[in-house]
Amino acid sequence: MAFDDPFSDKPLIFELSREGRQGVEPSRCDVPERDPEASIPGEFLRSDIEGSPEVSEPEIIRHYTRLSRLNYGVDTGFYPLGSCTMKYNPKVNEDIASFEGFLLLHPYQPEELCQGALRLMYELECYLAEVSGMDSVTLQPSAGAQGEFCGLLTIDAYFRDRGKPRKKVIVPDTAHGTNPASTSLAGFRAVTVRTGKEGVLTLDTLKEVMDNDTAALMLTNPNTLGLFERHIKEISDYVHQMGGFVYCDGANLNALMGIAKLGEMGVDIVQFNLHKTFSTPHGGGGPGSGPVGVKKILEPYLPVPRIRKKDDRYTLDYNQPRSIGKLRAFYGNFSVMVKAYSYIRRMGPEGLKKASTVAIVNANYIKERLKSTYHLPFDRACMHECVFSDRFQSQYGVTTMDIAKRLIDYGFHPPTIYFPLIVHGAMMIEPTETESPEEIDRFIEAMKEIDREARESPDVVKNAPTRGIKRIDEAGAVRRPVLRWQGSGGGG
Ligand SMILES: *Cc1c(COP(=O)(O)O)cnc(C)c1O
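Everything quoted here is computed from the prediction, not taken from an experiment.

(A) Seen up close, the confidence of the model for the protein chain. Model confidence for the protein chain is summarised by a mean pLDDT of 93, while 96% of its residues fall at 70 or above. Across residues 488–492 the pLDDT falls below 50, and counting only partners more than four positions away or on other chains, this stretch makes 6 contacts in the model.

(B) Layout of helix H15 (residues 437–456). For H15, spanning 20 residues, the distance from its first C-alpha to its last is 28 Å, which sits close to the expected 28 Å at 1.5 Å a residue. For H15, the full list of buried residues reads Glu-439, Ile-440, Phe-443, Ile-444, Ala-446, Met-447, Ile-450, Asp-451, Glu-453 and Ala-454. Lining the buried residues of H15 we find helix H12 (334–370), helix H13 (391–394), helix H14 (400–409), strand E12 (427–429) and helix H16 (458–462).

(C) Looking closely at the pairing of strand E5 (residues 245–250). Counting buried positions along E5 yields 6 of 6 residues, so the element is predominantly enclosed. The two faces of E5 match: Phe-245, Tyr-247 and Asp-249 on one face and Val-246, Cys-248 and Gly-250 on the other face are all buried. Across 5 bridges, the pairing between strand E4 (residues 214–220) and E5 is parallel. When the bridges of E5 are listed, Met-218 appears paired with Tyr-247. You can see the chain leave E4, run along helix H10 (residues 232–241) and come back into E5, and the turn it takes is right-handed. Note that E5 and strand E6 (residues 269–272) share 4 bridges and pair parallel. Paired with Asp-249 across the bridge in E6 is Gln-271.

(D) Representation of the nonpolar core in the model. Residues Leu-124, Leu-128, Leu-262 and Phe-278 are the most contacted members of the largest nonpolar core, which totals 54 residues. Of all the elements, H12 adds the most residues to this core, at 11 residues. In terms of nonpolar packing, the next biggest core, distinct from the first, is built from 32 residues, Val-200, Ala-363, Cys-386 and Ile-440 among them.

(E) View of unusual backbone geometry. In this chain, Asn-221 is followed by Pro-222 through a cis amide linkage whose omega measures -5°. Mapped onto the secondary structure, Pro-222 falls in the loop between E4 and H10. A cis amide bond links Val-304 to the next residue, Pro-305, at an omega of 0°. Checked against the element boundaries, Pro-305 lands in the loop between strand E7 (292–294) and strand E8 (306–310).

(F) Fine view of the site of the ligand. Every residue close to the ligand is listed here: Ser-83, Ala-143, Gly-144, Ala-145, Glu-148, His-176, Thr-178, Asp-249, Ala-251, Asn-273, His-275 and Lys-276. The backbone of Ala-145 places a nitrogen or oxygen atom 2.8 Å from an oxygen atom of the ligand. For the ligand, the accessible surface in isolation is 380 Å², of which the surrounding protein chains cover 87%. Among the secondary structure elements, those contributing two or more residues to the shell around the ligand are helix H7 (144–161) and helix H11 (274–277). For the shell around the ligand, the element with the highest residue contribution is H7, accounting for 3 residues. Here the shell around the ligand is built from residues that sort into 3 nonpolar, 6 polar and 3 charged.

(G) Fine view of the sheet that holds E12. Taken in spatial order, the 3 strands line up as E10-E12-E11 in an open sheet, and their pairing is antiparallel. Each edge of the sheet is formed by a strand with only one pairing partner; in this case those strands are strand E10 (386–388) and strand E11 (416–417). In this structure, E11 lies alongside E12, joined through 2 bridges in antiparallel fashion. Looking at E12, one finds that Ile-417 is bridged to Met-427. Across the sheet, H12 is in contact with E10 and E12; its angle to E10 comes to roughly 25°.

(H) Representation of the sheet that holds strand E3 (residues 189–193) within the structure. Read from one edge to the other, the open sheet built from 7 strands follows the order E1-E7-E6-E5-E4-E2-E3, with strand pairing classed as mixed. In this open sheet, the two edge strands, each paired with only one partner strand, are strand E1 (136–138) and E3. On average, each strand axis in the sheet is inclined to that of its neighbour by 25°, with strand direction left out of account. By the bridge criterion, 3 bridges tie E1 to E7 in an arrangement that is antiparallel. Each residue of the ladder has a partner; that of Val-137, found in E7, is Gly-293. Across the sheet, helix H6 (residues 115–132) is in contact with E1 and E6; its angle to E1 comes to roughly 125°. Sheet contacts for H7: E1, strand E2 (168–172), E4, E5, E6 and E7; angle to E5, the most-contacted strand, approximately 170°.

Reading the values: the criteria
Residues numbered from 1 in each chain as written. Predicted model: local features only at pLDDT ≥ 70, side-chain atom pairs only at ≥ 80, totals over all residues. Heavy atoms only, no water. pLDDT = per-residue confidence, 0-100. Contact = heavy atoms within 4.5 Å. Helix = DSSP H or I, 4+ residues; strand = E, 2+ residues; numbered from the N terminus. Expected span 1.5 Å × (residues − 1). Buried < 20%, exposed > 50% of the residue type's maximum accessible area, 1.4 Å probe, protein only. Pairing = 2+ DSSP bridges. Right-handed = clockwise from strand over helix to strand, strands pointing away. Core = buried A, V, L, I, M, F, W, Y, C linked by side-chain atoms within 4.5 Å. Near = heavy atom within 4 Å. Polar contact = N/O pair within 3.5 Å; in protein donor to acceptor, adjacent residues only side chain to side chain. Areas by Shrake-Rupley, 256 points an atom, 1.4 Å probe, with all protein chains shown as cover. Nonpolar A, V, L, I, M, F, W, Y, C, P; charged D, E, K, R; others polar. Axes fitted to C-alpha atoms, helices over the stretch in contact; angles between N-to-C directions.

In structure tokens, the structure reads:
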């Protein structure tokens, strides 16, 4: 391997350690030293940090720089992960989020000293309400899943407030796994409803499971097949008639913003994933942000504090007797809000609409160009993502997993695979608006080439990837991690 190959065998940071070697030299302490045992109870103190590596500054920099090169991200290449909206995030929004006035703000700073931040949050709430057609927004939840949880608690609080709690939430079989999970966590029972032949929910199948004990229908629009739920209006009218709410998982807003408003389709409550659609990179474990928008009737139950504007002053209002309370410390992940605000301000209504439109065009372009090569279970105009299956290639013993691994050899991150669950061997491709036509063509050519290989030399595909780490036992790697790279033969 080349000497600068990040995969080449390098000692672990623990093996580089030499006793007494130091990476940083803290300046002399300018406050009186105290005996820690006199201030902190002994049970919270460690006598020794066992095995902590002692290395020089260049060693530590090289260690982390090398690790960063083992990574693949949207800044290194095409990342067509369906449902996750892995798009390029303009760096200018990062710059703005790191302005000192934002970065050094303390959450306990008095309101009169953080009017600018409160204004930004207040206006971001207004923009998100405008984009979705909702009446009020809270920015507090830290992720999409926590937004779902927040929304479901809000619905629960509404029914309890009227002395008539309801127990069921209906979730389509195409839903993201977080939907039934949040439902259970919020104390409801998740009831599955089947998706119809067209890949969308129909009123008739909904009627089979909906009753007076149903608090909400929780659906994703566009759904995780990338299809627009075209019966949404009659479905939401019916849910309302039955006294329930329509919750929309808004993680797929990248297909709708600037084009259609969920509020006008009858949706009562929605969460946004700012870390997917609104310019925060995600996938690295956060921070994220999952604001929740509601119609007026649910507003009293939103988490505290609410941000209020009176004349030119912004205040935090904790006086919300029917609120579900607090979901987390302070007000949410502020830096993500700054990026979303800056993104929306720069794009404007026309820019947001163009982003969604181009995302939809790109997905349909891929769908049309690949549908003679890969099986397309639902051959309809799609929104921001399209779903294929491995039906044609499986005749040669090549599966979705093999195709995904072979894409790595061609320099692409694989799409989302084996989801949604209702498509056997699903490959869910979301190109987003930020890829050039040339890059999308390269991806299409790679997919066609892999199909040719599947027919002519299936072993090549089945033994992929040949680059970097070979195919590993993924469950085993989590349970019994082997941190040392074991060269090209062994896997690691
Ligand atoms: C990503 C996603 C979620 C969960 O969002 P997190 O921020 O990862 O918690 C929920 N639903 C859909 C459709 C998603 O794509």
